[in-house]
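Architecture and fold: a report
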Amino acid sequence: MSYGIIHCCGSIQYGVAVPELQISHIDHLVLTVRNLKATCQFYSQVLGMTVVTFGEGRTALRFGHQKINLHLAGAELAPHTSCPLPGSADLCLMLAPPLATPLAGTKVTDPLQHAIAHLQALNVPVLMGPVRRTGAIGPIESIYLRDPDGNLIELARPLTWQGESGAGD
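Reference entry: report on the structure contained in this document. As the structure is a prediction and not an experimental result, all values here were calculated from the model.

Reading guide: rules and limits
Residues numbered from 1 in each chain as written. Predicted model: local features only at pLDDT ≥ 70, side-chain atom pairs only at ≥ 80, totals over all residues. Heavy atoms only, no water. Pairing = 2+ DSSP bridges. Helix = DSSP H or I, 4+ residues; strand = E, 2+ residues; numbered from the N terminus. Axes fitted to C-alpha atoms, helices over the stretch in contact; angles between N-to-C directions. Contact = heavy atoms within 4.5 Å. Salt bridge = Lys/Arg side-chain N within 4 Å of Asp/Glu carboxyl O. Buried < 20%, exposed > 50% of the residue type's maximum accessible area, 1.4 Å probe, protein only.

Focus on the sheet that holds strand β1 (residues 28-33)
Strand order in the open sheet formed by four strands is β1-β4-β3-β2, with mixed pairing between adjacent strands. Each end of this open sheet is capped by a strand with a single partner; those strands are β1 and β2 (50-54). Strand after strand, the sheet turns through a mean of 30° between neighbouring axes, direction not considered. Relative to strand β4 (residues 66-72), strand β3 (residues 58-63) is paired through five bridges, and the arrangement is antiparallel. Counterpart to Leu 61 in the pairing with β4 is Ile 68. Contacting β1, β2, β3 and β4, helix α1 (residues 36-46) crosses the sheet at an angle of about 160° to β4.

Quick look at the pattern of salt bridges
Scanning the entire structure with this criterion turns up three salt bridges. A salt bridge links Glu 141 to Arg 157, with the nearest nitrogen and oxygen atoms 3.2 Å apart. Taken together, the residues Glu 141 in strand β7 (residues 139-146) and Arg 157 in strand β8 (residues 152-158) connect sequence positions 16 residues apart. Comparing Glu 141 with Arg 157, the two get one shared label, buried. When salt bridges that share partners are traced, they join Asp 110, Glu 141 and Arg 157 into one network.

Given below as structure tokens:
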């Protein structure tokens, strides 16, 4: 069985159907970046991810049970995407569940409001939001910002958390 090859802005045709695959989750994704230091600083200080080094000096950003591997533009690890370009990603990152107690000096327990206050304190502009969107498993409320390479980063929370009634949303 053969499959077509995807090229930038190209099309693909698939061959004969095979038994359905079952994908359970995303382990990692890769961002091509212009500046590793600026990217690590943004994702760790602004988004709370942990910078990790693995393999032969490779860099990644770990959060939850996932990570984002970083490739420096022009020095991508093979194999890589057909068109590894900084600033071409659009990611939706889900915020952690509501805080059990308000943030120090505030009454904020909503993670989206916390994110907005955090971004304002760091002078990181919010491009849009909060706005309602449709996430992978239901309705979400999101804000949008950009990372140092111009990638669009959506920070979101479900409109109702597991175990909540949703009353008043």
